[in-house]
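Secondary and tertiary structure notes
The primary structure of each chain is shown beneath.
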Amino acid sequence: MIVVMKVGSPEVEITRVSEELATWGLTPEKIVGKHKVVLGLVGDTASLDPLQIQEISPWIEQVLRVEQPFKRVSREFRHGEASEVAVATPNGTVYFGQHHPVVVVAGPCSVENEAMIVETARRVKAAGATFLRGGAYKPRTSPYAFQGHGESALELLAAAREASGLGIITEVMDAADLDKIVEVADVVQVGARNMQNFSLLKKVGAQPKPVLLKRGMSATIEEWLMAAEYILAAGNSNVILCERGIRTFDRQYARNTLDLAVIPVLRSLTHLPIMIDPSHGTGKAEYVPAMSLAAVAAGTDSLMIEVHPNPAKALSDGPQSLTPERFDRLMQELSVIGKAVSRWQQPVIALSH
């Protein structure tokens, strides 16, 4: 349920209404929009009469029920307004959201050594990326596959951050590693395999860094949004949703089916920013540019693209990784589409080799 306050409502009255609703056993969450203040009510609202709440104050414009099972995540909860996620990086604050330029995140699947991660960071930064992705801890289907260097890789990510000025996005797999990851990461990633690890979602939601939540490989949109609800319910409202492809019946030609239809669907259902990962979504580097361009045209707020200086020798996911040179060209191609939809401001810097 949400309480929409009238334009110009005095702050003292908003506070008084919130305090009174709290005595009813509800948890009011103040949401400041462009023109109005909305109070999102969390708790047992099923038996409440909206007219009963309306009578609390003449400054209340209307009281509406949130019909979706995901409450805080719902676009209704913010009275139809999109939210933004602000992330502090060495080069300044970067905003993820519908009303901001497309944010590009790039880097290798996993952190292999210092020379590789620093070189990649510098190259993707020069091309226009603002975040470096790289796994310190890697979930792998086979127990014999490379699973990341762990804590030592976090130190390498910190070195890459220092050398490039990029923000860092890296995955948490175990709550026991969360504190160490938060010290380095600017955004904490919850991977597809952990999307419904509810105890981990609660832990991630209780820490202050923004969270990137990837869609589970077989998850419905509602299951994905309910997973995000766990994070918001734990106290962290800075969540970015990442579509990384879902498993369907046809895996002969692509690793997954990249569901670009989620962009307009999510836009209607939730206020949270949207990211598309065309690398995992296709599994093949040759398909990544086309899907990246399509995602920007469809209205994504950000892209996550795998880049490796030598994909043939990558320790994980080499076939879906772009070379730095191909990433340079892709960023120039993306700038054309991004400018056409008024979502591109990052300069594209040509590199000489």
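Below you will find a few notes about this structure. Worth saying up front: this structure is predicted, and the values here are computed from it rather than measured. (Residues numbered from 1 in each chain as written. Predicted model: local features only at pLDDT ≥ 70, side-chain atom pairs only at ≥ 80, totals over all residues. Heavy atoms only, no water.)

1. Section: the overall build of the protein chain
- Per the secondary structure count, the protein chain includes eleven helices and 14 strands.
- Taken against the 2.2 N^0.38 rule, which gives 20 Å for 353 residues, the C-alpha radius of gyration of the protein chain at 21 Å falls within 12% of a compact globule.
- A principal-axis box enclosing the C-alpha atoms of the protein chain has dimensions of 70 × 45 × 45 Å.
- Relative to its full complement of 353 residues, the protein chain shows a buried share of 55%.
- Of the contacts made within the protein chain by residues no fewer than 6 positions apart, 68% connect residues no fewer than 24 positions apart.
- Summed over all atoms, the accessible surface of the protein chain reaches about 14900 Å², with 53% contributed by carbon and sulfur.
- Within the protein chain, the 39 negative side-chain charges are centred at a point lying 4 Å from the centre of the 35 positive side-chain charges. (Helix = DSSP H or I, 4+ residues; strand = E, 2+ residues; numbered from the N terminus. Rg over C-alpha atoms; globule rule 2.2 N^0.38 Å. Buried < 20%, exposed > 50% of the residue type's maximum accessible area, 1.4 Å probe, protein only. Contact = heavy atoms within 4.5 Å. Areas by Shrake-Rupley, 256 points an atom, 1.4 Å probe, with all protein chains shown as cover. Lys, Arg positive; Asp, Glu negative; His and termini not counted. Charge placed at Lys NZ, Arg CZ, Asp CG, Glu CD.)

2. Section: the state of the cysteines
- Within this structure, the stated rule accounts for zero disulfides.
- Free of any disulfide, C109 has its nearest neighbouring cysteine sulfur in C242, separated by 13 Å. (Disulfide = S-S within 2.5 Å.)

3. Section: the nonpolar core
- Of all hydrophobic cores here, the largest spans 67 residues; its most connected members are L213, V239, L241 and F327.
- With seven residues, helix 7 (residues 221-233) is the single largest residue contributor to this core.
- With residues up to four places along the chain from it excluded, the contact list for F327 reads V104, A106, V124, A127, A129, I305, V307 and L322.
- Ranked by size, the runner-up nonpolar core spans 15 residues in total, among them M1, I14, L41 and I60. (Core = buried A, V, L, I, M, F, W, Y, C linked by side-chain atoms within 4.5 Å.)

4. Some thoughts on the packing of aromatic side chains
- Under the criterion given, the structure shown has two aromatic pairs.
- Where F96 meets F131, the ring centres are 5.4 Å apart and the plane angle is 50°; that geometry is what we call tilted. Of this pair, F96 sits in strand 6 (residues 92-97) while F131 sits in strand 8 (residues 131-133); the two residues are 35 residues apart in sequence, bridging distant segments of the chain. Taken as a pair, F96 and F131 share a single burial class, namely buried.
- Each ring, one from F198 and one from Y230, has its centre 4.5 Å from the other, and the planes form 20°; the classification is stacked. Remark: Y230 occurs in helix 7 and F198 occurs in helix 6 (residues 198-205); sequence separation between them is 32 residues.
- F198 gets classed as partly exposed once you look at its relative accessible area, which sits at 32%.
- Under the relative-accessibility criterion, Y230 is labelled partly exposed at 31%. (Phe/Tyr/Trp six-rings, centres within 6.5 Å; stacked < 30°, edge-to-face > 60°.)

5. Details of the side chain of R123
- Summarising the element assignment, R123 is placed in helix 3 (residues 114-127).
- The class of R123 is buried, set by a relative accessible area of 13%.
- Polar side-chain contacts of R123 include one of 3.0 Å to the side chain of D328. (Polar contact = N/O pair within 3.5 Å; in protein donor to acceptor, adjacent residues only side chain to side chain.)

Any functional reading would require information beyond the geometric quantities listed.
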